[in-house]
Structure formats: C-alpha cells, structure tokens
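Coordinates in review
Single-letter residue listing:
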Amino acid sequence: MDPKKSRLNLPAGLESSLRLDLPPSHFPAIKNSPSPKKVIYSDRFIPCRSSSRLQTFTLSDKSSPAKEGGNDLYLRLLRAELFGTETLPLSPSGEQGSPASPNKNMFRFKMDHSSPSSPLSSVIAGDDDIIPDSSTPPKPPRKVPKTPHKVLDAPSLQDDFYLNLVDWSSQNVLAVGLGTCVYLWNASSSKVTKLCDLGDRDGVCAVQWTREGSYLAIGTSLGDIQIWDGARCKKIRTMGGHQIRTGVLAWSTSILASGSRDKHIVQHDIRTSNDYISKLFGHRSEVCGLKWSDDDRELASGGNDNQLLVWNQRSSHPVLKFTEHTAAVKAIAWSPHQEGLLASGGGTADRCIRFWNTTKSNMLKCVDTGSQVCNLAWSKNVNELVSTHGYSQNQIMLWKYPSMGKIATLTGHTMRVLYLATSPDGQTIVTGAGDETLRFWNVFASVKSKTPVRDFGAWSMGRSHIR
C-alpha cells in the first residue's frame, strides 16, 4: 500500500506496519445493486418530568403485608424521591399508610384536583360531580383604529388649557372657535359656515350647543355670553354676568351655567329677560370645568384651585367638595350608565383620573395616567371612557370601566390635546390641539353591532380646512 495514497491520517512509522497484503480472491465480487437505505437512529427520548404530571401516580407494592419491614423504609424513600413527600398516601387513621396494595401495577393513577378541569370533565365525572370549566380564554380586546380617519386644519386654534373651543351638536354640526370667529362644520355634508366674528377687541373662549342642537352659546373674552341660532346663523341675545373671560359653558335642559376667570359660576335661563338667575360661589381661582348630570339634578365644577365641587339646584353653595386633586380640574364627566358616578382629571402636577360616588360622597378609584388630563368623555353605548392628555405625551387613551383596563392609546397630535367632543351616534370623537388640527377617531362601539362605524361619504380619509 502506497503511504501517499493512504486515506488514514496516521504517523509515518505506523503506516508501514498496517500494510495489508491480501490476495484478490479474498474479496467477494461487488455487484452493481442499489445500496440499502441508510437508517438513522436518534438518541433515546427522555420525557420532561415537569410536564408529565407524575405526581398523579403513586407506587404500589407487590409484597404482602407479611413481608413488610425493611422494604417499607426503602419504598417510602423511593416514593419520596420520585414524587415528593407530599404525595405519600395516608392510611384511614390519618398516618402515612403501608406501601402494601392489592393492586399489582407498579404505578397507580390518582385524580389531580389541582389542575384546571377539561371541558369534558363534567362528562367523565358524571352528573353528580360536575366541575366548572375555569380555563375559558378571555375575549380578545376590541380593535380600535390607531389613526384618525379625517383631519381638519384649524388655523388659530388656541393652545390654552382653560378654554373650551370645540363642541358637536345632536344635529351633527361641529362648532369650533378660531381666534375671534366661530365656524360650523356639517359632518354629514362637510359644508363649512362662518357663524360670527367678534371683532378685534373680543375673542372666543368657549362654545356649547343646547341638547337639542338648535342654539349655540359662545363665551367671550369680555365675559359676555352670546346665544346664536345655528340654522339661521342669527344672534338671539347677549347675556352678562362675568367681569372677565368666560372659559367654560354647560347646558342642562333649560339652564346655561357659565364659569369664568372671576372665580364665579353664573346660571342663566334664556326663557327670562334677566341676564342670569343666580351666582354660585365656592372656587378660589378660575373655573375651567363644568358638567351637568344627565338628570339635571347636579352640576359638577372644577377650577384652577384644584377643587372639584358638586352643586344642586336648591343651593348657592356646594353640597360636595373634593380636594384630592393636586392640579387644576378641567376634565369632568358624568357616567350615563350609573347614577351618581362622576369622573374627574387633574392637570400636570396631578395626572390622575379619579372616580367619585356623589350619592355616598366618597372616592371610588384613582388611576395615574402619567400625563396632564385635559378632557374626559363617557361612551353612551358601552361602559368605556376616553381621556385626552397634554404634557408630556399628548396622547388619547381609551379605558374600560370599572377595571380601568387600557383598550387603546392613540397618538398623532404634536401638542396638548386640549379639546374633545363626541358625535351624536356616540361612536366617533373629535380632538383638537394647539398644533391647529382637528382629528376624527372611531373609538367607541355602537349599541347593536359592537364594532366601530365604517367610513363613508364625508367621513372619507383626507385633510381639509375648516375655514
């Protein structure tokens, strides 16, 4: 054998000693037949004990009671090594029983009551021993579109936390205060109408539709309140009552409440000729949040004095006073699903949404959102609410009540989301910010379909101007 042709990697001195000189007859003839298939053997399978539920098996002893003694200790040790000491069977007397068993099987299966039952457990156990199925997976969260389906440019939309410049009427018309002007945008036709211009010496600080959607109240920088007919674009009357800007308005069925930087709340009745019917005193700083309950019995107000006050129609002083917030309270919302349930949100130094039971006068829950809370609105269709935020994340958050589980977080505004209004069908919200845009989001489910409304017609995706 030639060492140069050797296929073995051997030392030079060892190759000559391994030379094989065999005659050719020693090797059988090789036929050109197909080689058998190569069989690949894998390593032996070792099951994972952590998932095999071996604790449901116990060792049985094949020995008779007469042969107990030394084997007893051995079997106990073996059983403890395999399954742990807690799996040792007990005798009827309460002590650990004898390893003897009439069963000839080495392992005996026992029922595992610690693991969740299967859907067929009631069939296996019989009608007298039905085990409820607690392993049903939770419903997947409802999908909420993460982008607005429409964006309107709103030049001169002010970046002022204490103003309320956007409102959506029950007749599907959006009112927006831009500088000294108020514009109306018809959501059904996308038609834009300029309602009024207050002039260079005045400005728009708040807008609020009546519940039937026919008349619009406008709070001004001079402290006046103007009432306009939205369909005819005609001013009905002007009412006084405040000395400086009126930044927040709230309609009940017939009463208009207004809050101002003069720290007062004024109640107006447009059925009378007087400018106002009463004044409410309680806040020590500017009033920036006002909301009537759905039954018109209670009025909630928030101020820059960090107070949340609740009033009734029979008193000029608050009947409830909550002081837990540590920043201005602008965001206020009454639940349409539970009587006496009130939600409020605090400013930059507070960042919390708090829930109150005005019937029992106590706080129910507090959630730290991580950002300034600018607005709150409940869904009238489902038990959810939406919050808009400012510093530092400028986000919109959708919550499930009462768990306060976060359903969705929406982003897109580049400045504080100071303004919020809900569509008449309760499915769409519009948000406004100092970035001079209005964004429309499908966030709430409908009553029947439980799915967000589809975009069509005037709701088609696009960017346009409100003036």
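Residues numbered from 1 in each chain as written. Predicted model: local features only at pLDDT ≥ 70, side-chain atom pairs only at ≥ 80, totals over all residues. Heavy atoms only, no water.

As named in an unreviewed UniProt entry, the protein chain is Protein FIZZY-RELATED 3, taken from Platanthera guangdongensis. UniProt lists a comment for the protein chain under the heading Sequence similarities (unreviewed entry), and it reads "Belongs to the WD repeat CDC20/Fizzy family." (UniProt positions renumbered as here; feature names shortened; annotations may be inferred.)

For the protein chain, the count of helices and strands is three helices and 31 strands. The buried share of the protein chain, reckoned over its 467 residues, is 46%. Pairs at least 24 apart in sequence give 48% of the contacts found in the protein chain among residues at least 6 apart. Carbon together with sulfur atoms contributes 53% to the accessible area of the protein chain, which is approximately 25800 Å² in total. (Helix = DSSP H or I, 4+ residues; strand = E, 2+ residues; numbered from the N terminus. Buried < 20%, exposed > 50% of the residue type's maximum accessible area, 1.4 Å probe, protein only. Contact = heavy atoms within 4.5 Å. Areas by Shrake-Rupley, 256 points an atom, 1.4 Å probe, with all protein chains shown as cover.)

Under the feature "repeat: WD" (unreviewed entry), the UniProt entry names residues 280–321 and 410–443. In the segment residues 410–443, helix accounts for 0% and strand for 56%; the C-alpha atoms at its two ends are 10 Å apart.

For the rest of this paragraph, the subject is the pairing of strand S6 (residues 181–186). The element S6 is largely enclosed, with a buried count of five among its six residues. As defined by bridge partners, strand S5 (residues 173–178) adjoins S6 across six bridges and the pair is classed as antiparallel. Note on S6: the bridge partner recorded for Ala175 is Leu184. Hairpin geometry of S5 and S6 is characterised by an intervening segment of two residues between the two adjacent antiparallel strands and by a positive phi of about 65 degrees at Gly179. (Pairing = 2+ DSSP bridges.)

This part takes up the sheet that holds strand S15 (residues 278–280). What the four strands build is an open sheet, ordered S12-S13-S14-S15; its pairing is antiparallel. Edge positions in the open sheet fall to strand S12 (246–251) and S15, since each of these has one partner strand only. Mean inter-strand twist for the sheet, computed between neighbouring axes without regard to direction, equals 25 degrees. The pairing of S12 with strand S13 (residues 255–260) spans five bridges and is classified as antiparallel. Considered in S13, the bridge of Trp251 is made with Leu256. (Axes fitted to C-alpha atoms, helices over the stretch in contact; angles between N-to-C directions.)

All right, on to the state of the cysteines then. Counted by the stated rule, this structure contains zero disulfides. Of all cysteine sulfurs in the structure, the one in Cys196 sits closest to Cys181, which takes part in no disulfide; the separation is 7.2 Å. Under the relative-accessibility criterion, Cys181 is labelled buried at 6%. With no disulfide of its own, Cys233 lies 9.2 Å from the sulfur of Cys196, the closest cysteine sulfur. Overall, the relative accessible area of 31% leaves Cys233 in the partly exposed class. (Disulfide = S-S within 2.5 Å.)

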